[in-house]
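Now for the letters of each chain:
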Amino acid sequence: MEVELAGLPLVVLPGTYRRESESRRPTGPVRLAVRGFASGGQALQRAADRYWQALGALPVWEGQGLAAGPALRAVGAPANWPLASPAWSGVLAPEVHLVAGSRQWRLAGSPGGPFAGLAEVRTLAATVSDACQMGTRLLLAHGTATQVSSIDLAAGSYTTGYYQATARLIATDGQAGYLVPTATGQDDRLLRYTAATTSTTFLLDAPVRRLASHAGFVWALTRTALWRLKGTAAELLFTHPPLLAEDDGAFLVGHGTALYTWLAGRVHRADTTGTVRGWTPIGPSGLATRGAASAGGYLWVTVQDSASGRWQLWATPGRLASLQGLALDWEKAEPWYLVEEWADAGAGWPVAVGGRHPDLDLLLGRAGSSGLLALQALPRPGYPGRRASFQVASGLLTALPAARLPWLGVGAALAWLDGGGTPVSVQLGWSLDAGSSWSWGPARAVGGTPRGFLVLEERFAPPLEAAALQVQVAVSGVSDWSPAVVGLWGLGATSATGGSGASESQWLPRRRWRLAVQLGPLLPRADGAQDTRDPTLLAGLLWDAWRSGVPLAFRDVDAPPGATVLVQVTALEERLGGVTPAEARRLELELVEV
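What counts and what doesn't
- Along every chain, residues carry numbers that run from 1 in the direction the sequence is written.
- Residues qualify for local features only when their pLDDT is at least 70, as the model is predicted, and side-chain atom pairs are given and counted only at 80 or more; totals for whole chains, interfaces and linings, by contrast, use all residues.
- Side-chain numbers here rest on the full set of heavy atoms in the structure, without hydrogens or water.
- Two strands qualify as a pair provided DSSP detects at least 2 bridges between them.
- A run of H or I in DSSP becomes a helix once it reaches four residues, and a run of E becomes a strand once it reaches two; helices and strands are each numbered from the N terminus.
- Interaxial angle, 0 to 180 degrees, is taken between N-to-C directions of lines fitted to C-alpha atoms, where a helix line uses only the stretch in contact.
- Any Phe, Tyr or Trp ring, taking Trp's six-membered ring, that has another such ring centre within 6.5 Å forms a pair; planes under 30 degrees apart are called stacked, those over 60 apart edge-to-face, and the others tilted.
- For every residue, the accessible area (1.4 Å probe, protein chains only) is compared with the maximum for its type, and the residue is labelled buried under 20%, exposed over 50%, or partly exposed between those bounds.
- A helix's residues, less one, multiplied by 1.5 Å, set its expected span.
- By construction, the arc corresponds to the directions joining the helix axis to the C-beta atoms.
- Contact criterion: two residues are considered in contact whenever any of their non-hydrogen atoms come within 4.5 Å of each other.
- In protein, a polar contact requires one atom able to donate a hydrogen and another able to accept it; more generally it is a pair of N or O atoms within 3.5 Å, and residues adjacent in sequence count only if both atoms are side-chain atoms.
- Here the term cavity refers to a set of points on a 1 Å grid, laid over the protein atoms alone, in which a 1.4 Å probe fits but cannot get out; the term pocket refers to an open set having protein on both sides within 12 Å along at least five of seven lines, with lining residues being those that place an atom within 4 Å of a point.
- Grid points are joined across faces, edges and corners, and a volume is the space filled by probe spheres set on the points.

Novice: Would you take a moment to explain the sheet that holds strand 15 (residues 148–152) for this structure?
Specialist: Within a sheet, each strand pairs with its neighbour through backbone hydrogen bonds, oriented either parallel or antiparallel. In spatial order, the strands read 13-14-15-16; together these four strands make up an open sheet with antiparallel pairing. Among the strands making up the open sheet, the edge pair consists of strand 13 (130–134) and strand 16 (157–163). On average, each strand axis in the sheet is tilted by 25° relative to the strand beside it, whichever way the strands run. Inspection of the sheet shows strand 14 (residues 137–141) paired to strand 15 by four bridges, in the antiparallel sense. Opposite R137, over in strand 15, you have D152 as the bridge partner.

Novice: What is the right way to read the pairing of strand 1 (residues 2–5) from this model?
Specialist: Consecutive residues of a regular strand have side chains that alternate between opposite faces of the sheet. Sheet topology note: the strand 1/strand 2 (residues 8–11) ladder contains four bridges and is antiparallel. Paired with E4 across the two strands is P9, which belongs to strand 2. Turn length for the strand 1-strand 2 hairpin, with the two strands adjacent in sequence and antiparallel, is two residues, and the turn residue A6 shows positive phi of about 55°. One ladder, built from two bridges, connects strand 1 with strand 46 (residues 552–555); its direction is antiparallel.

Novice: Help me understand the packing of aromatic side chains, please; the structure alone is not making it clear to me.
Specialist: The geometry of two aromatic rings is summed up by the distance between their centres and the angle between their planes. One pass over the structure, following the stated rule, counts 14 aromatic pairs. Here the aromatic rings of Y178 and F202 are separated by 6.3 Å at their centres, their planes lie at 25°, and the arrangement is stacked. Taken together, the positions of Y178 in strand 18 (residues 177–181) and F202 in strand 20 (residues 199–203) put the pair 24 residues apart, joining distant regions of the chain. Of the two residues, Y178 and F202, both sit in the buried class. Within the aromatic cluster, the residues linked to one another by ring pairs are Y162, Y163 and Y193.

Novice: Help me understand helix 2 (residues 535–548), please; the structure alone is not making it clear to me.
Specialist: In an α-helix there are 3.6 residues to a turn, and that puts residues three or four apart on one side. Here helix 2 spans 20 Å end to end across 14 residues, near enough to the 20 Å set by a 1.5 Å rise per residue. Turning to helix 2, its buried residues are L538, A539, L542 and A545. Down the axis, helix 2 shows its buried residues gathered within 120° of arc, on one side only. Exposed residues on helix 2 whose side chains face more than 90 degrees from its buried face are L537 and R547. Check the buried side of helix 2 and you find it contacts strand 1, strand 2, strand 45 (511–520), strand 46, strand 47 (565–576) and strand 48 (585–593). Where helix 2 begins, the capping side chain belongs to D534, and its oxygen is found 3.1 Å from the backbone nitrogen of T536.

Novice: Which parts of the structure should I look at to understand the layout of surface pockets?
Specialist: With a probe scaled to a water molecule rolled over the atoms, the places where space remains empty come into view. Its volume calculated, the largest pocket comes out at about 1100 Å³. Of all the secondary-structure elements, those providing two or more residues to the lining of the largest pocket are strand 9 (87–92), strand 13, strand 17 (167–172), strand 21 (208–214), strand 25 (252–255), strand 29 (288–295) and strand 33 (347–352). Looking at which element gives the most residues to the lining of the largest pocket, the answer is strand 29, with six residues.

Novice: How do you make sense of the pairing of strand 33 when you look at a structure like this?
Specialist: Strand 33 sits mainly inside the fold: five of its six residues count as buried. Judged from the four bridges that link them, strand 33 and strand 34 (residues 362–366) form a sheet pairing that is antiparallel. Bridging from a neighbouring strand, A352 pairs with L362 of strand 34.

Novice: I keep staring at the sheet that holds strand 19 (residues 189–193) and nothing clicks. Help me out?
Specialist: Spatial strand order, 17-18-19-20: four strands in an open sheet with antiparallel pairing. Edge positions in the sheet fall to strand 17 and strand 20, since each of these pairs with one other strand and no more. On average, each strand axis in the sheet is inclined to that of its neighbour by 25°, with strand direction left out of account.

Novice: Quick question: what am I supposed to make of unusual backbone geometry here?
Specialist: For residues other than glycine, phi is negative in most cases, and the peptide bonds are mostly trans. For the bond from A93 to P94, the omega torsion is 0°, close enough to zero to count as cis. Its place among the elements puts P94 in the loop between strand 9 and strand 10 (95–100). Residue A6 is not a glycine yet carries a positive backbone phi of 55°. Judged by relative accessible area, A6 falls into the partly exposed class, the value being 48%. The phi dihedral of A434 falls on the positive side, at around 60°, and the residue is not glycine. Along the chain, A434 turns up in the loop between strand 39 (424–431) and strand 40 (439–440). A relative accessible area of 52% means that A434 is categorised as exposed.

Next up, the structure:
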């Protein structure tokens, strides 16, 4: 008998050839599971155990589970609140003030009590185009309409012409105001004002798209670069390809240790610490955006989905740099969560208003109507602020490398460490057509105990055969507490193989060969010709093949000429059975199919 390995003919020592399965076929079901919701997520499709999608949920326990996210409460807008307009806030504890359009408002109601609407304070000199807070003052830009004005939050006074220049954009480093002038041909410079008529000019590389005040610096996003300014120093942090789309740089918001902006129809992030410089596409994408805000420990972004056309509200806790991460330029993945999706014109223009009322962290303006939406980022004592329902779905649990897989059932795990009061309703669903249609099990009541862990399963009788399976949990009836979804899985029969990279035990059908080659002396070839090769050289070639681990072409004893499979030399044993090394010398090989 003769085989070939990497083109080398090898005569098999009679009685030593064995061909067998590489391992036993496992029995029973295999679980294809989704574990953890702190990375990957619906913004990035990855292996099934790291891909998931949700609506109305936010993470708990450092991303180990997903529970009901914040509710969006409809509140009445003041009579003069501008429709579909951005707003800016200023805080002088415990008071929170807002400016939008040509008006100033403050939050009504008692500090520490529930939010009671907005009370108008005054009419401003003109419509506000941009604003920032410098100490106890709000600095207001009004475009070409009038010069920069200022609200003294401590004294309650309003000053027009605070800086005697008109400005399109304005920001502060805490010591001075930086403005982009409205004069023709001067949109590529910043004017730093320390008094009404005292200014310093910074000439930048290109027209300024957006300014931001963050971490004691002024950040300027130009058409081709990002700048950092403080005092009289201006530093070009990095350059980027020219911003060509009209909405590129629609917002520039600081959150944690990073800046976020909108570029090429997607949220991008730039770290403000460490040595990695540049914009990284990190968040959701869409047709358009209505702004972003940092509030309640999350960054909130409104996006119009490119597939459905619906407006959505997304949130991320971001990723705060650790000392180790800064040293290695490495940080944990940044997850994004879909908090709300609207079937109508939706909402946008978020503004942070937290600190005065426990049930309020963020306000959004309604599009197409005069209302506002109030959001409480986190549950607080006496103010749960939770969404009444949420849902979590797995990615595609696939039968690969098999074409189809008999699915035996689906399951989910829920946990709660506090609350457990009024029971909530939980349903387990599954889809065999990539989410186009869903089947649902019966609703179950969950709760009634302060702490709990519950496993829900639906078994299929008979099994459902399909190429892929998705699992979904829908929770409704949430009020003052919420269980967290901590795991989703499908149960597949192991008569098919492996899965999507998410299975708890995977198995692939592979063959194993065991055979021996006599080297001292070499046996005659299959055609009767004498083998004249040097046995020591042949042994060295086989040892090199074992050391390298490179897959090699292997032609079996009963394979036709040219028909090969890829194998690896997994084990090699050389035996000397004679008086001298040249006598009764043989090499035993173990090959495994790749």
